[in-house]
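Structural description and commentary
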Amino acid sequence: MTEKRAQFATRLGVIATTVGSAVGLGNIWRFPYEAGVHGGGAFLLIDLFFIFVIGVPVICAEFIIGRHTGSNVRGAFKALAPGKAWGVMGYIGIIASLLILSFYSVVAGWTMEYIFQSLRDFSGVHSADGLHDQFDTFAQSNLRPVMWTVVFLICNYLILARGVRKGIEKMSNILMPMLFVILIIFAINSLMMPEVAKGLEFLFKPDFSKITPSVLLGGMGQAFFSLSLGLGCLITYSSYFKKDTPLVRTAFTTAGLDTLVSVLAGVIIFPAVFTFGQEPAAGPKLVFEVLPSIFINLPGGMIWSTLFFILLFLASLTSTISMSEISIAYFVEEFKMERKKATRLNIVIAIVFGTLCALSFGCMSDFTIFGFTLFNLFDYLSSNILLPVGGMITSIFVGWVLDRSVVRQELNLSAKPVSRFAFAAIVFCLRFVAPVCIGLVFIFGLGIF
Ligand code: TRP
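Quick look at the structure, then. Values in this document were obtained by computation on a predicted structure and should not be read as measured data.

With that settled, the discussion passes to the overall build of the protein chain. From N to C terminus, the protein chain includes 18 helices and two strands. At 21 Å, the protein chain has a C-alpha radius of gyration in line with the 22 Å of a compact globule built from 449 residues. Dimensions of the protein chain, computed from the C-alpha atoms along their principal axes, are close to 60 × 50 × 45 Å. Of all 449 residues assigned to the protein chain, the portion counted as buried reaches 62%. Considering only residue pairs separated by 6 or more positions, the protein chain has 84% of its internal contacts joining residues 24 or more positions apart. As displayed, the protein chain has an accessible area near 17000 Å², and 69% of this comes from carbon and sulfur atoms. Of note, the protein chain has its 31 positive side-chain charges centred 14 Å away from the centre of its 25 negative side-chain charges.

Our focus in this paragraph is the environment of G221. Residue placement: G221 occurs in helix α10 (residues 213-226). Linking G221 and N384, residues 163 residues apart in sequence, is a C-alpha distance of 4.3 Å. Contacts of G221, omitting those with residues within four sequence positions, involve R30, S383 and N384.

The terminal C-alpha atoms of helix α3 (residues 41-69), which comprises 29 residues, lie 40 Å apart, in line with the 42 Å expected from a rise of 1.5 Å per residue. A maximum bend of about 45 degrees is found in α3 at G55, where proline P57 lies one to four positions downstream. Summarising burial for α3: 23 of the 29 residues are buried, a large majority. Downstream of α3 by one or two residues, G70 has phi in the positive range, about 60 degrees.

This part covers the nonpolar core. Among the nonpolar cores identified, the biggest contains 155 residues, and F308 and L411 are the most heavily contacted of them. With 17 residues, helix α5 (residues 88-119) is the largest single contributor of residues to this core.

Moving on: the site of the ligand. By nearness alone, 17 residues border the ligand, and A22, G26, Y104, F225 and S228 come closest of all. For the ligand, an oxygen atom lies 2.5 Å from a polar atom in the side chain of Y104. In the complex, 100% of the free accessible area of the ligand, which totals 360 Å², lies under the protein chains. Structurally, the ligand is housed in the largest cavity. Put simply, the parts of the chain that give the shell around the ligand at least two residues each are α1 (11-22), α2 (25-37), α5, α10 and α14 (301-335). Looking at side-chain class alone, the shell around the ligand contains nine nonpolar, eight polar and no charged residues.

Here the focus is empty space enclosed by the protein. One way to see where empty space is left: roll a probe the size of a water molecule over the atoms. Evaluation of the coordinates by the stated rule reveals two cavities of 30 Å³ or more. In this structure, the largest cavity encloses a volume near 170 Å³. Along the wall of the largest cavity there are 18 residues; nearest its centre are S21, I100, F225, S228 and M323. Of all elements in the fold, only α1, α5, α10 and α14 reach the threshold of two or more residues within the lining of the largest cavity. Here the lining of the largest cavity gets four residues from one element, more than from any other, and that element is α14. Per-class residue counts for the lining of the largest cavity are 11 nonpolar, seven polar and no charged. Looking at the lining of the second largest cavity, the elements with two or more residues in it are α12 (247-275) and α13 (286-296). At three residues, α12 tops the list of elements feeding residues into the lining of the second largest cavity. Broken down by class, the residue content of the lining of the second largest cavity amounts to eight nonpolar, no polar and no charged.

Before going further, it helps to examine helix α6 (residues 128-139). The end-to-end C-alpha distance of α6 is 17 Å, a good match for the 16 Å that 12 residues give at a rise of 1.5 Å each. For α6, every residue scored as buried is listed here: A128, G130, L131, Q134, F135, D136, F138 and A139. Close packing links the buried residues of α6 with α5, α7 (143-160) and α13.

Below, the discussion takes up the pattern of salt bridges. In this structure the tally under the stated criterion is 10 salt bridges. Among the ionic pairs, K78 bridges to E334, the shortest N-O distance being 2.7 Å. On the criterion of sequence distance, the pair formed by K78 in helix α4 (residues 73-80) and E334 in helix α14 is long-range, its members being 256 residues apart. On the basis of relative accessible area, K78 is assigned to the partly exposed category, the value being 37%. Among the residues examined, E334 registers a relative accessible area of 24% and is labelled partly exposed. The network of salt bridges with common partners includes R30, E34 and D379.

Glancing now at the environment of L143. Inspection of the secondary structure assignment puts L143 in helix α7. Since its relative accessible area comes to 67%, L143 is described here as exposed.

Attention now goes to the packing of α3 against α10. Put simply, α3 and α10 touch, their axes get as near as 8 Å, and they point 50 degrees apart. Between α3 and α10, the angle falls in the class oblique. Judged by the twist between their axes, the crossing of α3 over α10 is right-handed. For the pair α3 and α10, the contacting residues are F43, I46, D47, F50, I51 and I54 in the first and V215, L216, G218, G219, M220, Q222, A223 and F224 in the second. Its residues assigned to classes, the contact of α3 with α10 shows 10 nonpolar, three polar and one charged.

Okay, the packing of aromatic side chains next. For the coordinates displayed, the defined rule picks out 38 aromatic pairs. Here the aromatic rings of F116 and W148 are separated by 5.3 Å at their centres, their planes lie at 20 degrees, and the arrangement is stacked. With F116 in helix α5 and W148 in helix α7, the pair connects residues that are 32 residues apart, well separated along the chain. Given a relative accessible area of 9%, W148 falls into the buried group. Here the aromatic rings of Y330 and F331 are separated by 6.0 Å at their centres, their planes lie at 70 degrees, and the arrangement is edge-to-face. Looking at Y330, the relative accessible area reads 6%, which means it is buried. We classify F331 as buried; its relative accessible area is 9%. The ring of F225 carries the charged tip of R30 above its face, separated from the ring centre by 4.9 Å. One Lys or Arg, R431, reaches over the ring of W400 and ends 3.8 Å from the middle of that ring.

What counts, and where the lines are drawn
- Residues numbered from 1 in each chain as written.
- Predicted model: local features only at pLDDT ≥ 70, side-chain atom pairs only at ≥ 80, totals over all residues.
- Heavy atoms only, no water.
- Helix = DSSP H or I, 4+ residues; strand = E, 2+ residues; numbered from the N terminus.
- Rg over C-alpha atoms; globule rule 2.2 N^0.38 Å.
- Buried < 20%, exposed > 50% of the residue type's maximum accessible area, 1.4 Å probe, protein only.
- Contact = heavy atoms within 4.5 Å.
- Areas by Shrake-Rupley, 256 points an atom, 1.4 Å probe, with all protein chains shown as cover.
- Lys, Arg positive; Asp, Glu negative; His and termini not counted.
- Charge placed at Lys NZ, Arg CZ, Asp CG, Glu CD.
- Expected span 1.5 Å × (residues − 1).
- Bend = angle between axes of the 7 residues up to and from the residue.
- Core = buried A, V, L, I, M, F, W, Y, C linked by side-chain atoms within 4.5 Å.
- Near = heavy atom within 4 Å.
- Polar contact = N/O pair within 3.5 Å; in protein donor to acceptor, adjacent residues only side chain to side chain.
- 1 Å grid on protein atoms, 1.4 Å probe; cavity = no way out; pocket = protein on both sides within 12 Å on 5 of 7 lines; lining within 4 Å.
- Sits in = over half its atoms within 2 Å of the grid points.
- Nonpolar A, V, L, I, M, F, W, Y, C, P; charged D, E, K, R; others polar.
- Points joined across faces, edges and corners; volume = space filled by probe spheres on them.
- Salt bridge = Lys/Arg side-chain N within 4 Å of Asp/Glu carboxyl O.
- Axes fitted to C-alpha atoms, helices over the stretch in contact; angles between N-to-C directions.
- Parallel < 35°, antiparallel > 145°, perpendicular 65-115°, else oblique.
- Left-handed = near helix turned anticlockwise from the far one by under 90°.
- Phe/Tyr/Trp six-rings, centres within 6.5 Å; stacked < 30°, edge-to-face > 60°.
- Lys NZ or Arg CZ within 6 Å of the ring centre and 35° of its normal.

Purely geometric stuff here, so don't read any function into it on its own.
Next up, the structure:
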């Protein structure tokens, strides 16, 4: 490699960018919707298990690979295991990240529509039912959702084309804390709603009879999706880390903050769902139908609503930037493509697939494959299958194949080395717990058994 690779400037930059990748629509849109469909508390429990028992060690594994090689996903595996099949991770990463970028941009486009809806005070519609219909009318209208998807992807392009440090890092440092504060304010507001008890019970009380194979699969997928885990996103990001970034601590901080945001989103949404007489299992539309009802009932609702959707839009951007970076780093380093050209290629592919996903709620709603619309298929395939497969490959690779001295060296490269217990626990999870749990969930969840 001739050119010196970019690096994140500060420690805060590392955390903010990694958390910026993790925190996004996955927490605020996908978590409440999946929890609503899969029975609330039981789903949260599975999600937490996968985040902390499987997720944190696999984050460490991706960090080890990324920082040690300082390379894109495929290049990293090629460097560590030349000529072996592990390089297949590169393809999983690129395919899954493009699938995710496509449907994710549709939802990010919805947030842009809702910035404008908020500014127009939802055209004066102030009943829960009316707001409900308003979303349906918009999502089915074909042209506007497609337009916003494309506009969003162009924003993504403009930031990416400016390079790693300048674009990504600066934005995350300011925005993530702001989003956090506003979520806490909304959560407090929801805690004062009439049906708060019902909402919190739904979210926090696990009904063990609801733990079915599909809840297991869904919870596992949500954990991976929300942590940006399994397709080398964190390999790519950690290739920009400095040598003294403490990997284990960064992994815990990321998982902890990410979980906090999801739980806050749940605390905001579910009391409102029951207060406004809505259906928790409404699917992908849930959050966009419930949030406006919350906002219009707040004093100064229009301002809150506008601010919230702007922050959600920006949180989505920091996530899509991290997804796009996977294939861009790959195109640039493996094919010696110019960065701008690689970025354009990435965005053009996403625009084509994103348009199809946006139309899944309109004129293509009857077009299904295995009973899924394209939007749902892309989500299911990437979150529930490709990400956990990627996570399994990564954990087996670091647990069994990678030289143990590399693992030890990378985990200990900071002012405070990890304890022997923590080291042993991480290696044990990577060797046994993660592959076995992921494998079992596949066997049962996909009905292989
Ligand atoms: N974690 C992000 C969210 O919750 C989405 C995301 C960003 C992602 N990068 C990723 C998901 C890489 C999977 C892989 O919104």
